[in-house]
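Structural description and commentary
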Amino acid sequence: MTETTSPLPHHPIVVIGAGLGGLTLARVLYAHGVEAAVFDLDASAEARTQGGMLDIHDDTGQEALRAAGLHEAFLARVHAGGQAIRVLDRHAEVHWSQADDGTGGRPEIDRGELRALLLESLPEGLIRWDAKVTGARALDGGRHEVTLADGTAFTTDLLIGADGAWSRVRPLLSDAVPAYAGVSFVESDLLSADSRHPVSAEVVGGGMLFALGAGRGFLAHREPDGSLHVYAAVESPEGWLDGIDFTDAEAATRAVLKEFDGWAESLRALVADADGLVPRRIHALPVGHRWPRTPGVTLLGDAAHLMSPFAGEGANLALIDGADLARALLAHPGDTEAALAAYEERMFPRAERSAADSALMGGMLFRPDAPERLSAMFAGHQPWAEQR
């Protein structure tokens, strides 16, 4: 008796990753009557907190939200006053301060709020939660087989890796892996800042704070709920964080504060008074990362061009990548390869420019004269390209 096996489930378009880019892609397609199956490793949409504030740029992130039909809903959720900026030195002396007058092109929104907006725009069941990808392999004719952690598998005509820094789809296209960028963050929150941490609330102000010194800095912003989200940044060897026991809050606080000896106490309080500390290493793919056109598969967002966060481009590029890929697919019905070629031709140079800017900004932020340079840039006295 011959044993027969059932064919694997098949999805014409598969998106791996329900982050901002993957959801934007799915939303734009869905709005035009095309359904993509989205798979995400999280158990649910609420499984993880989504991080801090994002400034959404008019020509990239907001353009993507317009394409998704969500721009008005986005504007209703932005953080009023969030575009304010303060630049301080290690002594807490103010070098630049600018209020948010509502005319800027980069309104701030909580990452979780933006993701929720995208999720709410998609039908129930389109996203398959608790679906961790463990592998993918090419079949014939540009098709791919994807295997999940639970042992199940499926096939697809078009596989899109929107699965972030450590993408499981990227190896189908490229041998590149993210490298440590030379900077580590210790992330923290100060809750109910105005009442519990008034000094810190005043230091940060109503929007974004840059407090900078040689090889060190505090990057912080005010959240809509009145809390402060803080990144203590340290230029350090990759193993620096390994020497800190973050399960011991007091010891971890002492270790981080040691890196800021001599800094103003009002700045050190951003760590000393924090409600918990979380270590984060900054990684990046090579500037200009790209791959040859490969049938039936592509990448977007961090999976394609992970970069340091210092130019505020990552989320914006993920959004516009998702919108552009969807629009390319809609513009080339029945010709996936033409669509992917058009998308990548647009995405590669844009990502390269942004990655170069992010690397340049990262190098500038931790120079001894960073407060002066950043202030000059914000004032328009020193162009971005002269920040080397």
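Throughout what follows, the structure given in this document is the object of discussion. (Residues numbered from 1 in each chain as written. Predicted model: local features only at pLDDT ≥ 70, side-chain atom pairs only at ≥ 80, totals over all residues. Heavy atoms only, no water.)

1. Details of the layout of surface pockets
In plain terms, the rule: Grid points spaced at 1 Å over the protein atoms alone were grouped into cavities, where a 1.4 Å probe fits but cannot get out, and pockets, open sets with protein on both sides within 12 Å along at least five of seven lines, with lining residues defined by an atom within 4 Å of a point. Grid points are joined across faces, edges and corners, and a volume is the space filled by probe spheres set on the points. Numbering of helices and strands starts at the N terminus; helices are DSSP runs of H or I of at least 4 residues and strands are runs of E of at least 2. By the convention adopted, Pro, Cys, Tyr, Trp, Phe, Met, Ile, Leu, Val and Ala count as nonpolar, Lys, Arg, Asp and Glu as charged, and the other residues, Gly among them, as polar.
The computed volume of the second largest pocket comes to approximately 240 Å³. As for the second largest pocket, its lining consists of 20 residues, and the residues nearest its centre are Ile-13, Leu-158, Leu-329, Gly-334 and Thr-336. If you list the elements that add at least two residues to the lining of the second largest pocket, you get β1 (10-16), β10 (153-161), α10 (314-331) and α11 (336-365). The dominant element in the lining of the second largest pocket, judged by the number of residues it contributes, is α11, at three residues. Residues belonging to the lining of the second largest pocket are distributed by class as follows: 10 nonpolar, six polar and four charged.

2. As for the pattern of salt bridges
Going by this rule: Here, a salt bridge means any Lys or Arg side-chain nitrogen found within 4 Å of an Asp or Glu carboxyl oxygen. Accessibility here uses a 1.4 Å probe with only protein chains present; expressed as a share of the type maximum, an area under 20% marks a residue as buried, one over 50% as exposed, and anything in between as partly exposed.
All told, the structure shown has 24 salt bridges when counted by the stated rule. The shortest N-O distance in the salt bridge between Arg-143 and Asp-140 comes to 3.6 Å. Its relative accessible area of 29% is what places Arg-143 among the partly exposed residues. Asp-140 gets classed as exposed once you look at its relative accessible area, which sits at 57%. Where Arg-350 meets Asp-321, a salt bridge forms, and the shortest distance between an N and an O atom there is 3.0 Å.

3. With respect to helix α7 (residues 249-258)
Condition: The arc in question is formed by the directions pointing from the helix axis toward the C-beta atoms. Residue contacts follow a heavy-atom distance rule, with two residues in contact if any of their heavy atoms lie within 4.5 Å.
Buried residues of α7: Ala-252, Thr-253, Val-256 and Leu-257, and no others. Angular distribution of buried residues about the axis of α7 spans 130 degrees; they occupy a single face of the element. Facing away from the buried side of α7, by more than 90 degrees, are the exposed residues Glu-250, Arg-254 and Lys-258. Elements in contact with the buried residues of α7: β11 (179-190), β14 (228-235), α8 (265-272) and β15 (277-284).

4. Details of the environment of Leu-158
Within the secondary structure layout, Leu-158 lies in strand β10. A residue is classified by how much of its surface remains accessible, and Leu-158, at 2% relative accessible area, is buried.

5. Notes on empty space enclosed by the protein
In this approach the atoms are scanned with a rolling probe the size of a water molecule, which exposes any empty space left behind. Per the counting criterion, the structure on display carries one cavity of 30 Å³ or more. The volume enclosed by the largest cavity comes to roughly 50 Å³. Lining the largest cavity, in full, are Leu-285, Pro-286, Val-287, Gly-288, His-289, His-305, Leu-306, Phe-348, Ala-351, Glu-352 and Ala-355. A per-class count over the lining of the largest cavity returns seven nonpolar, three polar and one charged.

6. Quick look at the side chain of Arg-86
The criterion, for reference: Under the counting rule used here, the positive set is Lys and Arg, the negative set is Asp and Glu, and His together with the chain ends is not counted.
Within the secondary structure layout, Arg-86 lies in strand β4 (residues 85-89). For the buried Arg-86, which has no salt bridge, the nearest side chain bearing the opposite charge is Glu-202, at an N-O separation of 6.6 Å. With residues up to four places along the chain from it excluded, the contact list for Arg-86 reads Val-94, Trp-96, Ser-97, Glu-202, Val-203, Val-204, Gly-205, Met-208, Leu-209 and Phe-210.

7. Quick word on unusual backbone geometry
Positive phi, normally seen in glycine, also occurs at Asp-130, with a value near 55 degrees. Mapped onto the elements of the fold, Asp-130 is located in the loop between β7 (127-128) and β8 (133-138). We classify Asp-130 as exposed; its relative accessible area is 58%. One non-glycine residue, Ser-192, lies in the positive phi region at around 45 degrees. With respect to the helices and strands, Ser-192 occurs in the loop between β11 and α5 (193-196).

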